[in-house]
Amino acid sequence: MRFSSIVPAASALTLAALVAAEGASDVLDLKADTFEANVNSEPLILVEFFAPWCGHCKSLAPHYEEAATALKEKDIKIAKVDCVDQPDLCQSFGVQGYPTLKVFRNGTPSDYTGPRKADGIISYMSKQSLPAVSVVTADNLEEFQKADKIVVIAYLPSATAAPAAEFSATADKHRDNYLFGLVTDPAAIGAAGVTAPSVVVYRSFDQHVTPYPYPIASASTADLEEWLSELSIPVIGEVNGETYATYSASPKPLAYIFIDPSQEEHLAHVESLKEIALEHKNKMNFVWIDAIKFGDHAKALNLGEPTWPSFVIQDLKTQLKYPHDQSISPTAERVAEMVNKFNAGELTPELKSAAIPASQDESVYEVVGKTFDEVVFDESKDVFIELYASWCGHCKRLKPTWDSLGDRFANVKDRVTIAKMEAQENDLPPSAPFKVQGFPTIKFRPAGSKDFIDYDGDRSLESLIAFVEENAKNSLEPSAAAPVETVAEPEVAETETAEVHDEL
């Protein structure tokens, strides 16, 4: 009998951790030589890529253990890979942070997007084990149409009629996002008021019933994916921790209205922008956001004062921000004018920058938004820059090594710049040909070039030095007057600092 069925959940988690500590874990411990044999043979398996020092991984561990025990009864396996012990294996799956969870189907991975508590993991993986497409009949048609926020139903004359194969492939890829159903029952097709073949989306928001607008028999999986992606975004919906991924995956700019839910007129502000949002839906996504809960996100978008409502446009491709003047109320008329100017390319972004340091006394050059172009695009020098966040545990662990790297090349700083920039206090200028997608982001620009090279090696001092020596165009030989210093790699305690922040 499972512990959680006879003791409270908190006790179950504690007991699960004790069981794991004693070695009787239901979580498979995989290594490079056992990975394929255990993963590729399973129709469904969840794998965690972790680091022993990671605080988030430690928090997940008891939940992961309990979920493994429960899912064992459903013949769904759970595994883990220690990325400190197996770095090459983790790198082969593009692991960049911990923990990273992936769902494998017959060896093919996809990102795990579910909760990280025991019950949530159990529920998520149980759903993954069900067929991606449910068979719907006249008896349950009406109920199924309302069973989720977005329901996609294919009405076909038979289970093999076009585009059944493409529809099933789409369902397999997006079972986490939408609920898929198949109707071949003539009575159900008649009750739905459609003509087979057709595919219809039922939503709990905006236009509730939306048929596929093109000839359905020739629709490809890519066609269906693009259509569903467009329909998954409301005309003006709420953005929060659960929905942000949907918006960030869209190539469209994101227009925010920050509101205080405690204000009586907060919904009126949202409603006043709906017509504008509908008019520009093909070019821009509009959202409203809780300004009290996500105040730090407002700051990240260069809204300086806690004045609500406030409006800002963010170009997700360039990460540039265009805040509305907070001293003036963002009325529908002013928002419409601002959106039109943005779409016409007539709006100037507001770049956030910390104050320029009064002096540069350290061997690592501190770059801010206002000095980025001057320092990082100085083509007379090789430039190696770390873009970091103050709250990031990985960045904190890298700091002593990065400082030592600066010391190592201090005698040639007229030719090589080792730099850093706090990427949440300073915006990248439009000239930067990249954006920051994780911390730390490390880039190298050789002298005489405008192109940047990604650093994706390990974060030891030796590897960083070797990378500079391999890619630098300038001479790294110090002048005769400057003795070469021998810099030992610092000892870094293997303790994780929790990365706590409330941005989306």
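Computed from a predicted model, the values in this text were never measured in an experiment.

### Focus: the sheet that holds strand S12 (residues 254-259)
Hydrogen bonds between backbone groups are what pair the strands of a sheet, and the pairing can be parallel or antiparallel. The mixed open sheet is built from 5 strands, whose spatial order is S11-S13-S12-S14-S15. Each edge of the sheet is formed by a strand with only one pairing partner; in this case those strands are strand S11 (236-238) and strand S15 (320-323). Ignoring strand direction, the axes of neighbouring strands in this sheet form an average angle of 25°. Of the pairings in the sheet, the one linking S12 to strand S14 (residues 310-315) comprises 5 bridges and is antiparallel in character. Bridged to Ala 255 within S14 is Ile 313.

### Quick word on the environment of Glu 226
Mapping Glu 226 onto the fold places it in helix H9 (residues 221-231). Residue class for Glu 226 comes out exposed when judged on its relative accessible area of 60%. Each C-alpha atom of the pair Glu 226 and Glu 305 lies 38 Å from the other, and the pair is 79 residues apart in sequence.

### Things to note about the side chain of Arg 175
If you trace the backbone, Arg 175 turns up in the loop between helix H7 (164-174) and strand S8 (179-183). Exposure remark for Arg 175: the relative accessible area of 17% places this residue in the buried category. Once residues within four sequence positions are removed from consideration, Arg 175 is found in contact with Arg 105, Lys 127, Gln 128, Leu 130, Pro 131, Ala 132 and Phe 180.

### So, the domain arrangement of the protein
In terms of domain boundaries, the protein breaks down into domain 1 (28-128), domain 2 (131-232), domain 3 (236-344) and domain 4 (365-471). Each of domain 1 and domain 4 has a C-alpha centre, and these two points are 33 Å apart.

### Focus: H9
Among all positions in H9, only Thr 221, Leu 224, Trp 227, Leu 228 and Leu 231 are buried. Seen from one end, H9 has its buried residues packed into an arc of 130°, which puts them on one side.

### Digging into the sheet that holds strand S6 (residues 133-135)
Read across the sheet, 5 strands follow the order S6-S8-S7-S9-S10 without closing on themselves; strand pairing throughout is mixed. Because the sheet does not close on itself, it has two edges, and the strands there are S6 and strand S10 (209-211). Shown here is a sheet whose adjacent strand axes are inclined to one another by a mean of 25°, direction ignored. Taken together, the 5 bridges between strand S7 (residues 150-155) and S8 define a ladder with parallel strand orientation. Paired with Val 152 across the two strands is Phe 180, which belongs to S8. Across the sheet, H7 lies against S6, S7, S8 and strand S9 (198-203), angled at about 155° from S8, the strand it touches most. H9 rests against S7, S8, S9 and S10 of the sheet, and its axis sits at about 20° to S9.

### Observations concerning the nonpolar core
Nonpolar side chains in soluble globular proteins tend to end up buried together. In this structure, Val 152, Phe 180, Val 199 and Trp 227 are the most contacted members of the largest nonpolar core, which totals 23 residues. The set of elements that each furnish at least two residues to this core consists of S7, H7, S8, S9 and H9. With 4 residues, the top contributor of residues to this core is H9. Counting residues in each nonpolar core, the second largest holds 20 residues, with Phe 286, Tyr 322, Val 335 and Met 338 among its members.

### Focus on H7
Of the positions making up H7, those classed as buried are Ala 164, Phe 167, Thr 170, Ala 171 and His 174. All buried residues of H7 fall inside an arc of 125° around its axis, so they share one side. When the buried face of H7 is taken as reference, the exposed residues oriented beyond 90 degrees from it are Ala 165 and Lys 173. Packing partners of the buried residues in H7 comprise S6, S7, S8, S9 and H9.

### A few points about the pairing of strand S2 (residues 45-50)
Counting buried residues in S2 gives 6 out of 6 residues, a clear majority hidden from the surface. In terms of strand pairing, S2 meets strand S3 (residues 77-82) through 6 bridges, oriented parallel. Paired with Ile 45 across the bridge in S3 is Lys 77. Once the chain exits S2 it traverses helix H3 (residues 55-72) before rejoining the sheet at S3, and the crossover so formed is right-handed. With 5 bridges joining them, S2 and strand S4 (residues 100-105) adopt antiparallel strand pairing. Note that in S4 the partner of Val 47 across the bridge is Lys 102.

Parameters and conventions
- Residues numbered from 1 in each chain as written.
- Predicted model: local features only at pLDDT ≥ 70, side-chain atom pairs only at ≥ 80, totals over all residues.
- Heavy atoms only, no water.
- Pairing = 2+ DSSP bridges.
- Helix = DSSP H or I, 4+ residues; strand = E, 2+ residues; numbered from the N terminus.
- Axes fitted to C-alpha atoms, helices over the stretch in contact; angles between N-to-C directions.
- Buried < 20%, exposed > 50% of the residue type's maximum accessible area, 1.4 Å probe, protein only.
- Contact = heavy atoms within 4.5 Å.
- Domains from an automatic or database assignment.
- Arc of directions from axis to C-beta.
- Core = buried A, V, L, I, M, F, W, Y, C linked by side-chain atoms within 4.5 Å.
- Right-handed = clockwise from strand over helix to strand, strands pointing away.

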